[in-house]
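What follows is each chain in one-letter form.
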Amino acid sequence: MSKVDVLLGLQWGDEGKGKVVDVLTPQYDVVARFQGGPNAGHTLEFNGMKHVLRTIPSGIFHREKINVIGNGVLIEPCIFKGEIEALKEKNVDATQNLYISKKAHLILPSHRLMDAANEQSKGKSKIGSTLKGIGPAYTDKVARTGLRVGDILSADFSARFEHLRQQHIQMARMLGFDVESFQLEGIPFAEYEKRWMESLQTLRQFRLINSEYFINQCLRDGKKVLAEGAQGSMLDIDFGSYPFVTSSNTVTAGVCSGLGIAPSSIGRVMGITKAYCTRVGAGPFPTELFDETGKRLCENGHEFGSVTGRPRRCGWIDIPALRYACMLDGVTDLFVTKPDVMDDFDEVKMCTAYSINGQQTDELPFEFNDVKIEPVLQKFEGWKTPLAGTTSYEQLPQRLRTYLDAIEQHTGVHIMAVSISPDRKDVLFK
Ligand code: GDP
Ligand code: IMO
Ligand code: MG
């Protein structure tokens with residue numbers, strides 16, 4: 001019986017999960033997404049090509065590997081169809097090696113309407129959602145009113161769709177939202193709904209399976225399974241900076257419920273962190289930089305949302321948050337990405353504790369959003385050496401090694417590898 005290895009983000013998302021999954025896929029037989037939906041944007045680069053995946057696991061470019069969209073994931077059929085078509089343009093026929101859980105929930109156009117209505121009604125306390133309908137679709141899942149992928153095969157699908165849609169429209173109106181002028185992807189809502197219905201045809205071309213049976217059978221057959229996280233641990237619905245979070249369990253525990261495997265079937269947990277920190281959308285970010293250094297991180301790191309294009313907020317690495325994520329996730333191995341972004345920095349800083357009302361702590365307070373948190377910063381000399389062209393971990397500049405050693409010491413987790421460019425080939429295993 002083999003186990004499911006997990007790869008997930010330890011920060012506020014966009015740590016480089018897509019790239020790393022793509023790099024690790026040759027070691028696995030199956031790659032499975034377990035939560036989230038098209039709020040994710042996972043970037044892969046190889047052979048001079050760049051590709052962004054939303055719902056589809058990042059193992060899809062390895063044709064001999066099976067990719068699974070698990071029951072914990074949300075699928076927006078129009079966005080999914082767009083992903084499939086973009087893959088086709090790159091000569092990847094995903095119908096052959098992508099299986100979809102019948103229990104995965106659907107994002108309806110009216111969930112996206114509700115997302116927009118909810119955000120508008122929050123005024124200044126907006127979450128900064130990607131507006132892909134994630135919150136409302138998970139709400140319906142929990143309220144036991146949602147529609148699942150397997151339902152598209154049933155005769156009463158249209159009636160159930162219409163019933164739910166009417167509810168959403170009524171709720172949006174109650175929130176004072178202008179439903180009549182609402183547009184999705186630049187087209188009127190009603191027209192988008194038609195496209196959505198048509199794109200169910202694309203979904204029907206895939207193997208719709210009971211993925212919990214499939215994954216457990218793979219484990220019994222000794223196959224190697226990699227679970228790919230979306231978002232990051234600090235966006236977890238229970239442990240993230242609530243309410244500035246996403247609506248799913250992004251931590252390792254989500255793998256069990258999102259794929260239907262037992263906790264004892266979890267193997268290694270690989271956690272990814274950037275060498276610094278970013279966040280997109282609203283919510284607390286103790287190490288955020290509002291100065292030139294923050295701008296340089298954003299520019300050097302091309303820190304713009306892969307889904308929304310929004311500039312990402314940037315700051316120093318946050319050890320209390322990282323330790324918290326390592327604890328919640330049971331991280332066995334760390335993966336550090338993007339140190340190359342700080343190649344030309346004279347000095348690099350690391351937040352090792354928080355100072356709150358003059359008291360130092362290395363724990364995240366309950367009042368994360370409402371207190372003024374001063375980061376306690378440890379300084380490191382910049383390595384001032386381009387990392388491009390480095391081919392082994394041992395070749396990394398000593399000053400960067402010192403910085404990486406400090407991350408290991410503070411988290412108590414060893415670093416498995418470092419990524420030094422967006423490209424598949426630039427990963428240095430320790
Ligand atoms: P994900 O959501 O965790 O998969 O991450 P995103 O794809 O949203 O954002 C990560 C961005 O950083 C992408 O544009 C990647 O191409 C890029 N990237 C990944 N690893 C590295 C790295 O080591 N160095 C640099 N400079 N860029 C990287
Ligand atoms: P990947 O998988 C970064 C953020 C949004 C917003 C909050 C809630 O690419 O790392 P939602 O759309 O879920 O209602 O948004 O969570 N967010 C992400 N930030 N990377 C992501 O995914 C994210 N998915 C959601 O910006 O603040
Ligand atoms: Mg992303």
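Whatever comes next refers back to the structure up there.
Here is a short report on the structure shown in this document. Since the model is a prediction, treat every value here as computed from it, not as a measurement. (Residues numbered from 1 in each chain as written. Chains lettered and ligands numbered in written order. Predicted model: local features only at pLDDT ≥ 70, side-chain atom pairs only at ≥ 80, totals over all residues. Heavy atoms only, no water.)

**Re the overall build of the chain**
- A count of helices and strands for the chain gives 11 helices and 22 strands.
- Here the C-alpha radius of gyration of the chain, 21 Å, is about what a compact globule of 430 residues would show, namely 22 Å.
- Here the C-alpha coordinates of the chain stretch approximately 65 × 50 × 40 Å along the principal axes.
- For the chain, the proportion of its 430 residues judged to be buried stands at 58%.
- A separation of at least 24 residues holds for 76% of the contacts in the chain among residues at least 6 apart in sequence.
- Counting only carbon and sulfur atoms, one obtains 50% of the accessible surface of the chain, whose full area is about 17700 Å².
- Here the chain contributes 50 positively and 53 negatively charged side chains, and the mean placements of these two sets differ by 3 Å. (Helix = DSSP H or I, 4+ residues; strand = E, 2+ residues; numbered from the N terminus. Rg over C-alpha atoms; globule rule 2.2 N^0.38 Å. Buried < 20%, exposed > 50% of the residue type's maximum accessible area, 1.4 Å probe, protein only. Contact = heavy atoms within 4.5 Å. Areas by Shrake-Rupley, 256 points an atom, 1.4 Å probe, with all protein chains shown as cover. Lys, Arg positive; Asp, Glu negative; His and termini not counted. Charge placed at Lys NZ, Arg CZ, Asp CG, Glu CD.)

**Regarding the sheet that holds strand β12 (residues 225–228)**
- Sheet architecture is open: 10 strands sit in the order β11-β7-β5-β2-β12-β1-β13-β17-β21-β22, paired in mixed fashion. Either end of the sheet is taken by a strand with one partner, and the two such strands are β11 (207–209) and β22 (427–429). Recorded for the sheet is a direction-independent mean angle of 25 degrees between the axes of neighbouring strands.
- Note: strand β13 (residues 266–274) against strand β17 (residues 333–337), five bridges, orientation parallel. Its bridge partner lying in β17, K274 is registered against T337. (Pairing = 2+ DSSP bridges. Axes fitted to C-alpha atoms, helices over the stretch in contact; angles between N-to-C directions.)

**Some thoughts on the coordination of the magnesium ion (ligand 3)**
- Donor atoms from the polypeptide that coordinate the magnesium ion (ligand 3) comprise D14 (OD) and G41 (O), at 2.1 to 2.2 Å from the metal. Here D14 is found in the loop between β1 (4–9) and α1 (17–24), whereas its partner G41 is found in the loop between β2 (30–33) and β3 (42–46), with 27 residues between them in sequence.
- Residue classification places G41 among the buried residues on the basis of a relative accessible area of 11%. (Donors = N, O, S within 2.8 Å, 3.2 Å for Na, K, Ca; no water.)

**Regarding unusual backbone geometry**
- Here the amide bond leading from Y242 into P243 is cis, since omega sits at 5 degrees, within 30 degrees of zero.
- Looking at where P243 falls in the secondary structure, it is placed in the loop between β12 and α8 (253–259).
- Not every positive phi belongs to a glycine, and N47 is a case in point at roughly 45 degrees.
- Within the fold, N47 resides in the loop between β3 and β4 (49–53).
- Even without a glycine there, the phi angle at N357 is positive, about 50 degrees.
- Considering the arrangement of structural elements, one finds N357 in the loop between β18 (347–356) and β19 (359–361).
- Taking relative accessible area as the criterion, N357 reaches 72% and is therefore assigned exposed.

**Section: the site of ligand 1**
- The environment of ligand 1 is formed by 19 residues, the closest being K17, G41, T43, D340 and S419.
- Within the backbone of E15, a nitrogen or oxygen atom sits 3.1 Å from an oxygen atom of ligand 1.
- Here an oxygen atom of ligand 1 and a backbone polar atom of G18 are 2.9 Å apart.
- Relative to its unbound accessible area of 590 Å², ligand 1 is 94% covered by the protein chains.
- Put simply, the parts of the chain that give the shell around ligand 1 at least two residues each are α1 and β3.
- Each residue belonging to the shell around ligand 1 can be placed in one class, and the counts come to three nonpolar, eight polar and eight charged. (Near = heavy atom within 4 Å. Polar contact = N/O pair within 3.5 Å; in protein donor to acceptor, adjacent residues only side chain to side chain. Nonpolar A, V, L, I, M, F, W, Y, C, P; charged D, E, K, R; others polar.)

**So, the site of ligand 2**
- Around ligand 2, the surrounding shell holds 21 residues, and the nearest of these are K17, H42, T130, Q231 and T246.
- At 2.7 Å from an oxygen atom of ligand 2 is found a side-chain nitrogen or oxygen belonging to K17.
- The contact in question runs from an oxygen atom of ligand 2 to an N or O atom on the side chain of S129, over 3.0 Å.
- Class assignment of the residues belonging to the shell around ligand 2 gives a composition of eight nonpolar, 10 polar and three charged.

**Here's the deal with the environment of E381**
- Here E381 lies in strand β20 (residues 373–381).
- Given the relative accessible area of 57%, E381 is considered exposed.
- Put simply, E381 and Y242 are 139 residues apart on the chain and 35 Å apart in space, counted from C-alpha to C-alpha.
- Beyond its immediate sequence surroundings of up to four residues, E381 is in contact with D346 and R399.

**A few points about the pairing of β3**
- With burial as the criterion, only one face of β3 is covered, namely that bearing H42, L44 and F46; the residues T43 and E45 on the opposite face remain uncovered.
- Bridging between β3 and β4 involves five bridges; their strand directions are antiparallel. Residue H42 lies in a different strand from β4, and its bridge partner there is L53.
- The loop that links β3 with its antiparallel partner β4 comprises two residues; one of these, N47, has a positive phi angle of about 45 degrees.

**Considerations on the side chain of H111**
- Examined against the element boundaries, H111 turns out to sit in helix α3 (residues 109–121).
- Ignoring sequence-local partners within four residues, the contact set of H111 consists of L106, G133, P136, A137, D140, L164 and H168.

**Some words on the packing of aromatic side chains**
- Tallied over the entire structure, the rule returns 14 aromatic pairs.
- For the pair F157 and F161, a centre-to-centre distance of 6.3 Å together with 40 degrees between the ring planes defines the contact as tilted. Remark: F161 and F157 occur in helix α5 (residues 157–174); sequence separation between them is four residues, near one turn of the helix.
- With a relative accessible area of 4%, F157 lands in the buried category. (Phe/Tyr/Trp six-rings, centres within 6.5 Å; stacked < 30°, edge-to-face > 60°.)

**Concerning the packing of α5 against helix α6 (residues 189–204)**
- Remark: α5 packs on α6, axes separated minimally by 14 Å, with the N-to-C direction vectors making an angle of 150 degrees. If you check the angle between α5 and α6, you find them roughly antiparallel. As α5 packs across α6, the resulting crossing turns out to be right-handed. Contact residues: F157, F161, R165 and I169 in α5; F189, E193, W196, M197 and L200 in α6.
- Along the lines of polarity and charge, the residues of the contact of α5 with α6 split into seven nonpolar, no polar and two charged. (Parallel < 35°, antiparallel > 145°, perpendicular 65-115°, else oblique. Left-handed = near helix turned anticlockwise from the far one by under 90°.)

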